Amino acid sequence: MSNQMNPTSADFASMFESSAAAGAMQEGQVIPATVLRIDNDAIVVDIGLKTEGRIPVKEFALEDKQPAPGDIVDVYLDRIENALGEAVLSRDKARREERWVKLERSFAKGEPVKGAISGRVKGGFTVDLGGVNAFLPGSQVDIRPVRDVGPLMGEVQPFAVLKLDRVRGNIVVSRRAILEESRAEQRAEIVSDMAEGDVRKGVVKNITDYGAFVDLGGIDGLLHVTDMSYKRINHPSQVVEVGQEVEVQIIKINPETQRISLGMKQLGSDPWDNISARYPTGARLKGTVTNITDYGAFVELEDGVEGLIHVSEMSWTKKNVHPGKILSTSQEVEVEVLDVDSDKRRISLGLKQTMDNPWDAFLAEHPIGSEIEGEVRGITEFGLFVGLGPDLDGMVHINDISWDKPGDQAIEAYTKGDRVHAKVLDVDVDKERISLGIKQLSGDPIEAAGDAGIKRGSTVTCTVSEVTSGGLEVEFGNPPVRTFIRRSDLSRDRADQRPERFAVGDKVDAKVVTVDRATRRVSLSIKALEIAEEAEAVAQYGSADAGASLGDILGAALASSGTKGKAKSAPATKGDAKSLDARGRLTAPQGDADDLKQIKGVGPAFEKKLNEAGIFHFWQVAALSADQVASLEEELAFQGRMERDDWKGQAEQLMSEG
């Protein structure tokens with residue numbers, strides 16, 4: 001008792017150390033504690049304070065070894081003293097704090113941590129990392145989606161720490177990262193034992209639209225659909241099925257991604273070897289239609305060898321038709337080899353080449369120059385399409401419809417469905433064209449007129465078919481030639497150049513001025529005929545040898561004939577007596593005077609001399625004969641001027657131009 005009431009210096013030192021240790025302790029720390037005893041529901045520990053601490057036995061349930069008196073354990077100091085004067089301690093919190101420290105150390109080093117999936121939450125699962133809960137996203141459970149996670153629940157396994165935030169108590173882990181790392185190591189080891197060209201056995205694990213994945217014993221390879229067989233395959237399931245053991249060849253290994261490409265067809269012989277020798281151009285053979293597209297049909301000639309019939313090679317006559325309307329899948333057809341490209345593994349086939357060419361058949365039955373009959377199937381701006389049977393059409397160009405009408409006018413006489421006769425003009429087998437002509441059935445009126453002797457300078461009798469303000473539409477010959485006489489060519493006298501003097505059906509004589517076979521035009525002139533008749537009269541009533549002047553000759557002709565070559569249906573007109581001098585020469589123009597100065601070489605002085613000689617009109621100069629020209633030159637002292645400048649030719653040209 002006296003020892004307790006009278007402490008020694010050693011006791012004071014011990015109490016001082018205890019007080020200093022208690023002062024050093026702070027709430028919220030992990031401190032060491034000594035196990036004093038174990039009660040029924042608690043373990044009593046000494047942490048070096050004046051009081052003891054009690055920790056529930058259940059907090060030591062996760063310990064590998066239950067503590068015994070005298071053992072040192074780490075505890076969490078929640079409170080130094082409660083209402084009962086006891087320290088509030090926790091083994092769970094100490095273990096959690098200890099775990100956070102280890103987790104932070106592992107996260108910093110990138111090391112995996114161990115834990116067990118303990119429950120399911122929205123978007124993933126909870127993982128117990130030895131007293132600390134972490135979140136495991138659903139996408140990080142496995143490399144491939146897992147339907148049932150039951151076998152993984154409660155199993156202690158490694159996880160990679162993706163994110164750690166101690167302040168918020170947030171930890172995100174991944175099981176997939178561990179598996180990928182492990183698989184990468186395994187793949188690298190397995191791939192190192194493989195080489196391109198090796199033949200391996202594997203098991204089909206999965207089938208997609210583009211191929212199948214084959215397990216080669218710890219690593220998967222892709223067997224693409226194009227490498228399964230040389231023949232056309234619509235879907236990989238036609239060749240392999242899940243769980244099937246297959247023998248494959250390693251085609252390619254990517255060392256960076258460790259992806260392996262496999263092939264099955266490479267284990268057999270290539271049917272495209274020596275393909276050109278087995279399928280020479282022009283050979284005919286049979287095959288089966290395997291696929292039909294918008295641009296043609298594929299035909300299998302043997303296993304692994306297909307050719308394409310392009311839509312343009314299917315029919316001679318059916319154009320712009322879908323191949324499905326000509327052929328059907330699985331149909332056996334006879335084809336002809338058009339081209340073989342062994343490098344590109346392509347064979348071009350033809351279907352129509354095995355059939356008769358309708359263009360050759362048509363040409364044999366209807367040679368060029370023969371006549372045919374058909375129905376107008378179509379009318380376009382450039383011609384008529386005439387049906388020549390169920391499959392062939394011929395075209396009549398607008399320029400081959402009529403001889404005397406422009407094409408755009410001639411085509412208006414036809415409608416779709418009309419029956420027409422035509423002549424075969426040309427058959428182009430290569431271009432698949434048949435040219436027809438309707439006008440060729442009646443012959444060329446221009447050629448017929450030439451054969452009949454109608455040429456420039458001849459006189460023809462025309463029938464008026466139409467009267468217009470600009471002149472007359474007339475036709476002549478057999479077959480008839482249609483042409484137009486201009487108003488200025490209706491008469492030599494301007495007063496008589498009136499189209500209304502004529503009526504439809506009148507017969508008129510006219511002179512052929514020009515015949516142009518290239519443009520198919522014949523020009524007629526009544527005026528030119530009158531001038532020619534006037535020239536004939538001059539020739540009858542005077543000549544240079546008689547010593548008469550040109551004025552005397554023309555005056556006598558006018559006085560005796562009194563006509564100027566009018567149309568047969570028009571009454572002759574008498575000359576104006578006041579215009580004649582005592583010798584019967586013209587002293588003034590008849591009607592409107594022509595401007596003689598339009599003749600090259602005729603100036604005012606020469607025109608005056610011509611007027612004095614009784615010449616006032618083009619038709620007078622045009623009507624001169626060679627002797628009359630010489631006589632006139634002598635009288636006027638022109639000294640060969642008219643002959644040199646061809647006044648007569650110029651006068652005829654001016655007269656025809658009206």
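The coordinates are above.
Residue indices follow the written sequence of each chain, beginning from 1 at its first position. The predicted nature of this model means local features are confined to residues of pLDDT at least 70 and side-chain atom pairs, given and counted, to a pLDDT of 80 or more, with totals for whole chains, interfaces and linings taken over all residues. Here the side-chain values reflect all heavy atoms present in the structure, with hydrogen atoms and water set aside.

Colleague: Would you mind going over the overall build of the protein chain with me for this structure?
Modeller: Under the DSSP-based scheme used, a helix requires at least four consecutive residues in state H or I and a strand at least two consecutive residues in state E, with every element numbered from the N terminus. Broken down by element type, the protein chain carries 15 helices and 30 strands. Note on exposure labels: buried denotes an accessible area under 20% of the residue type's maximum, exposed denotes more than 50%, and partly exposed covers the range between, all computed with a 1.4 Å probe on protein chains only. Counting all 658 residues of the protein chain, 38% fall into the buried class. Two residues qualify as a contact provided that any one of their heavy atoms is within 4.5 Å of a heavy atom in the partner residue. Taking the contacts inside the protein chain whose residues are at least 6 apart along the sequence as the reference set, 58% of them involve residues at least 24 apart. For the protein chain, the accessible area works out to roughly 36400 Å², and carbon and sulfur atoms hold 47% of it. Computed by Shrake-Rupley with a 1.4 Å probe, the accessible areas treat only the displayed protein chains as cover when residues are assessed.

Colleague: Would you explain the sheet that holds strand E14 (residues 245-254) in this entry?
Modeller: Sheet strands pair by backbone hydrogen bonding; their relative direction is either parallel or antiparallel. Pairing between strands is defined by DSSP: at least two bridges between them are needed. As summarised here, the arrangement of the five strands in space is E11-E12-E13-E15-E14, forming a closed barrel in which the pairing is mixed. On average, each strand axis in the sheet is inclined to that of its neighbour by 50 degrees, with strand direction left out of account. Pairing analysis gives four bridges linking strand E11 (residues 199-207) to strand E12 (residues 211-215), with the strands arranged antiparallel. Bridge pairing in E12 places Asn-206 opposite Phe-213. Fitted lines through C-alpha atoms give the axes, limited to the stretch in contact for helices. The angle between two N-to-C directions lies from 0 to 180 degrees.

Colleague: How should I be thinking about the pairing of E14 in this particular structure?
Modeller: Sheet topology note: the E11/E14 ladder contains five bridges and is antiparallel. For Val-199, the partnering residue across the bridge sits in E14 and is Gln-249. Joining the antiparallel neighbours E14 and strand E15 (residues 259-263) is a turn of four residues, in which Gln-258 adopts a positive phi near 60 degrees.

Colleague: I keep staring at the nonpolar core and nothing clicks. Help me out?
Modeller: Across soluble globular proteins, nonpolar side chains have a tendency to be buried as a group. With 22 residues, the main nonpolar core has Leu-596, Ile-599, Leu-610, Val-621, Leu-632, Met-642 and Trp-647 as its most contacted residues. Mapped onto this core, the elements with two or more residues apiece are helix H9 (526-541), helix H12 (618-622), helix H13 (626-636) and helix H15 (647-657). To form a nonpolar core, buried Ala, Val, Leu, Ile, Met, Phe, Trp, Tyr and Cys residues must be joined to one another through side-chain atoms within 4.5 Å.

Colleague: How should the layout of surface pockets be read in this particular structure?
Modeller: One way to see where empty space is left: roll a probe the size of a water molecule over the atoms. Points on a 1 Å grid, built from protein atoms alone, make a cavity when a 1.4 Å probe fits but cannot get out and make a pocket when they are open with protein on both sides within 12 Å along at least 5 of 7 lines; residues with an atom within 4 Å of a point are the lining residues. Grid points are joined across faces, edges and corners, and a volume is the space filled by probe spheres set on the points. Put simply, the largest pocket is a space of about 1000 Å³. Forming the boundary of the largest pocket are 40 residues, of which Thr-483, Thr-514, Val-522, Ser-523 and Leu-524 lie nearest the centre. When contributions to the lining of the largest pocket are tallied by element, the ones reaching two or more residues are helix H8 (445-451), strand E28 (481-486), strand E29 (507-516), strand E30 (521-525), H9 and H15. As a working rule, the residues Ala, Val, Leu, Ile, Met, Phe, Trp, Tyr, Cys and Pro are called nonpolar, Asp, Glu, Lys and Arg charged, and the rest polar, with Gly in that last group. Residues belonging to the lining of the largest pocket are distributed by class as follows: 19 nonpolar, eight polar and 13 charged.

Colleague: Can you help me understand the environment of Gly-470 in this one?
Modeller: Within the element layout of this structure, Gly-470 appears in the loop between strand E26 (459-468) and strand E27 (471-476). For the pair Gly-470 and Ile-485, spaced 15 residues apart in sequence, the C-alpha separation works out to 8.5 Å. Those residues in contact with Gly-470 that sit more than four places away from it in its chain are Phe-484, Ile-485, Arg-486 and Arg-487.

Colleague: Please explain the pattern of salt bridges as it appears in this structure.
Modeller: Opposite charge on two side chains allows them to pair when their charged atoms are near. The term salt bridge refers to a side-chain nitrogen of Lys or Arg lying within 4 Å of a carboxyl oxygen of Asp or Glu. Enumeration over the complete set of coordinates arrives at eleven salt bridges. One salt bridge connects Asp-393 with Arg-377, and the closest N-O pair in it is separated by 2.6 Å. One end of the pair, Asp-393, is in strand E23 (residues 393-397); the other, Arg-377, is in strand E21 (residues 371-380), with 16 residues separating them in the sequence. On the basis of relative accessibility, which here comes to 31%, the residue Asp-393 falls in the partly exposed class. The class of Arg-377 is partly exposed, set by a relative accessible area of 33%.

Colleague: Help me understand unusual backbone geometry, please; the structure alone is not making it clear to me.
Modeller: Keep in mind that most residues, glycine aside, have a negative phi and that most peptide bonds are trans. Located in the positive-phi region is Ser-330, a residue other than glycine, with phi close to 75 degrees. The topology assignment puts Ser-330 in the loop between strand E18 (305-310) and strand E19 (332-341). The phi dihedral of Glu-432 is positive, around 55 degrees, even though this residue is not glycine. You can see Glu-432 is positioned in the loop between strand E24 (419-428) and strand E25 (433-437).

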